[in-house]
Amino acid sequence: MPNSDASYKEKFSLIQVGDWIFRNGVQTDSFIVKKLDGSVFSHIGMIVSVEPEIKIIHATTNDDENKPNQVIISTLTEFTDPDLAQMYAVARPNFLSDKQKKQIIEELLTKQGEEFILASREQEHLYCTTLLYDTIVKYQPDFNPEWKHAKFPLLSGDYLFPGAFANYPNITWIYVYPDKTP
């Protein structure tokens, strides 16, 4: 965690299970995602616990060298490590009830270890945004973030990027580091 001042601790005490956490990654794949998306964010996960520490479930290629290309759970410190992120933010999806968030998290937790698959909407896929989308839409059928058509070497078709979540209606930004508007 970047610092220990009182306002920082106060903001992090506002984070709840079911919140989304975004990051602006620093690795090559992150730059490609941001370029295709037009967003400052390249990755997203969901907060699955806050006690005794904040933990995030997400699908990633290389956050944990012992668990490459799969769905993992990371601590906040691991997710926001400066080797992976230069900026991060937490947003609350207000359109989900506490019951829905609990159901979504229970299902997401069963996906630990599943293989990361970067593929278009029409194909079998499992990457950071689709991990969340495919589960959320089961409990909130009206959830409809915008998929974007991408045409890039080895990537062609409709993909779901973190910006679609960041720009989704009825979310509240809880925390942004460094302190600037996403």
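Structure's up top.
The following paragraphs examine the structure supplied in this document.

Basis of the calculations
Residues numbered from 1 in each chain as written. Predicted model: local features only at pLDDT ≥ 70, side-chain atom pairs only at ≥ 80, totals over all residues. Heavy atoms only, no water. Helix = DSSP H or I, 4+ residues; strand = E, 2+ residues; numbered from the N terminus. Rg over C-alpha atoms; globule rule 2.2 N^0.38 Å. Buried < 20%, exposed > 50% of the residue type's maximum accessible area, 1.4 Å probe, protein only. Contact = heavy atoms within 4.5 Å. Pairing = 2+ DSSP bridges. Axes fitted to C-alpha atoms, helices over the stretch in contact; angles between N-to-C directions. Polar contact = N/O pair within 3.5 Å; in protein donor to acceptor, adjacent residues only side chain to side chain. Phe/Tyr/Trp six-rings, centres within 6.5 Å; stacked < 30°, edge-to-face > 60°. Lys NZ or Arg CZ within 6 Å of the ring centre and 35° of its normal.

**Some remarks on the overall build of the protein**
- Of the regular secondary structure elements, the protein holds six helices and eight strands.
- Helices (α) and strands (β) of the protein occur, in sequence order from the N terminus, as α-β-α-β-β-β-α-β-α-α-β-β-α-β.
- A globule of 182 residues ought to have a C-alpha radius of gyration of about 16 Å, and the protein, at 15 Å, matches this closely.
- On the principal axes, the C-alpha backbone points of the protein span a range of 45 × 35 × 35 Å.
- Here the protein holds 182 residues, and the buried ones make up 50% of them.
- Within the protein, contacts between residues separated by at least 24 positions form 66% of all contacts whose residues are at least 6 apart in sequence.

**Focus: the sheet that holds strand β4 (residues 70-75)**
- Here six strands make up an open sheet; going across it, the order is β4-β3-β2-β1-β5-β8 and the pairing antiparallel. Every other strand in the sheet has two partners, leaving β4 and β8 (171-177) as the edge strands with one partner each. In this sheet, adjacent strand axes meet at a mean angle of 30° when their direction is disregarded.
- As paired strands, strand β2 (residues 43-49) and strand β3 (residues 55-60) are joined by three bridges and run antiparallel to one another. Each residue of the ladder has a partner; that of I47, found in β3, is I56.
- Against the sheet, helix α4 (residues 98-109) touches β2, β3, β4 and β5 (85-93), its axis set at about 105° to β2.

**A few points about the side chain of H58**
- Along the chain, the position of H58 falls in strand β3.
- At a separation of 2.8 Å, a polar atom in the side chain of H58 contacts the side chain of S74.
- Setting aside anything within four residues of it in sequence, one finds H58 in contact with H43, I44, G45, D63, Q70, V71, I72, S74, F79 and L131.

**Here we look at the packing of aromatic side chains**
- The full count for this structure, using the stated rule, is 16 aromatic pairs.
- Measuring from centroid to centroid gives 6.0 Å for F41 and W173, while their planes differ by 20°, and the two rings are stacked. Residue F41 is found in the loop between α2 (28-37) and β2, and its partner W173 is found in strand β8; the two are separated by 132 residues along the sequence.
- F41 sits in the buried class, given a relative accessible area of 1%.
- Overall, W173 belongs to the partly exposed group, its relative accessible area being 29%.
- A centroid spacing of 5.1 Å and a plane angle of 55° characterise the contact between F95 and Y168, whose relative ring orientation is tilted. Residue F95 is located in the loop between β5 and α4, and its partner Y168 is located in the loop between α6 (162-166) and β8; the two are separated by 73 residues in the primary sequence.
- For F95, a relative accessible area of 16% puts it in the buried group.
- By the ring-pair criterion, three or more aromatic residues cluster together here, those being W20, F22, F41, F95, Y133, F143, W147, F165, Y168 and W173.
- Its end group placed over the ring of F79, R23 keeps NZ or CZ at 4.7 Å from the ring centre.

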